[in-house]
Amino acid sequence: MKFIEQNALQYLSVKLPLLGAFLMLAVLVIQWALDFNFVPQQYAPFIVGTVLPALSLLGRKIAQPSLHQPLGFVAVTAGHSNSDPGAVNGKIKESELVTNFRNAVVHYLREAGITTRTDGTGTQNDPLSSALKLIKGSSTAVEFHMNAAASKQANGIETIALPGDKKLAQDLSVAVATALGSRLRGDNGWIDQSKSARGSLAYINAGGLIVELGFISNEAELAAFQARYWIAAKAVAKVLIEYEKGA
Ligand SMILES: [Zn+2]
């Protein structure tokens, strides 16, 4: 026989009936000592048959958050792929910058003991289809991109997400903007995907968040990213770690 629960006593569904049984025993002992019946004997089977299972059920229903380990994993993926560079600035490709960023974020998450899944390791950057598959079963899914615009002045950080992830989206954008010295776009860094004209909507509709790490077309933002992306990645990981541990 193999026991599946090593530490059953930590559960209220076990504790409450044990407490109930102990109290019943105490009543029986007191009745015997005083030779007086508080609980007529014919009610004993009713109490054993009904009250104890009810206590067990109650124990099952009362949440014990401290007993719950975080389930699932964080899916961390890089936009575009090895065959699709995304936006470019001269020889610099969005797909390569965000792959480096993914690797740095994953490094810090794993250091903190968070389970992660990615769309590749090292320079590998699998296409969107593999990122989409990773969302299923994940507790959080983030994908990194860089913006591009015809105007070289366009700048700022934004995270595109569903309204339910507004707070997390804003926290992620603030982390990146603070590390890189950039401003926030949208609603304090959040872009409501229903109001976004961008592509990759399938990723967000499936529950993922897209973090735009700045404009590759803006020389100052590109330089800041290249100089400090590890600091930004560490800040992003910190937000995700706090989110996972609090979830
Ligand atoms: Zn992109």
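Preceding block: the structure.
Now for a look at the structure at hand.

What counts as what
- Residues numbered from 1 in each chain as written.
- Predicted model: local features only at pLDDT ≥ 70, side-chain atom pairs only at ≥ 80, totals over all residues.
- Heavy atoms only, no water.
- Helix = DSSP H or I, 4+ residues; strand = E, 2+ residues; numbered from the N terminus.
- Expected span 1.5 Å × (residues − 1).
- Buried < 20%, exposed > 50% of the residue type's maximum accessible area, 1.4 Å probe, protein only.
- Contact = heavy atoms within 4.5 Å.
- Pairing = 2+ DSSP bridges.
- Axes fitted to C-alpha atoms, helices over the stretch in contact; angles between N-to-C directions.
- Donors = N, O, S within 2.8 Å, 3.2 Å for Na, K, Ca; no water.

1. Looking at helix H3 (residues 94–111)
Over its 18 residues, H3 extends 26 Å from the first C-alpha to the last, a length consistent with the 26 Å expected when each residue adds 1.5 Å. Among all positions in H3, only Glu94, Ser95, Leu97, Val98, Thr99, Phe101, Arg102, Ala104, Val105, Val106, Tyr108 and Leu109 are buried. Where H3 is buried, its residues touch strand E1 (74–78), strand E3 (92–93), strand E4 (116–118), strand E5 (140–147), strand E8 (209–215) and helix H7 (219–246). Gly113 lies just past H3 and shows a positive phi near 80°.

2. Regarding the sheet that holds strand E7 (residues 190–192)
The strand order across the open sheet built from six strands is E4-E1-E5-E8-E6-E7, with neighbouring strands paired in mixed fashion. Pairing within the sheet leaves two strands with one partner each, and these edge strands are E4 and E7. Between one strand and the next, the sheet's axes are offset by a mean angle of 25°, whatever the strand orientation. The pairing of E1 with E4 spans three bridges and is classified as parallel. Across the sheet, residue Ala75 finds its bridge partner in E4, namely Arg117.

3. Details of the environment of Ala150
Mapped onto the fold, Ala150 is located in the loop between E5 and strand E6 (158–161). Taking relative accessible area as the criterion, Ala150 reaches 87% and is therefore assigned exposed. In this structure the C-alpha to C-alpha distance between Ala150 and Ser217, which are 67 residues apart in sequence, comes to 7.7 Å.

4. Side note on the pairing of E6
Burial of E6 is two-sided: the residues Glu158 and Ile160 facing one way and the residues Thr159 and Ala161 facing the other way are all buried. Sheet analysis places E6 next to E8, joined by three bridges and oriented antiparallel. Note that in E8 the partner of Thr159 across the bridge is Val211. Note that E6 and E7 share three bridges and pair parallel. Looking across to E7, one finds that Ala161 is bridged to Asp192.

5. Quick notes on the coordination of the zinc ion
Protein-derived coordination of the zinc ion comes from His80 (NE2), Glu94 (OE) and His145 (ND1), at a distance range of 2.0 to 2.1 Å. Every donor residue of the zinc ion comes from the same chain, spaced as H-x13-E-x50-H. In this pair, His80 is assigned in the loop between E1 and strand E2 (88–89) and Glu94 in helix H3, connecting sequence segments 14 residues apart. Exposure remark for His80: the relative accessible area of 22% places this residue in the partly exposed category. The class of Glu94 is buried, set by a relative accessible area of 2%.

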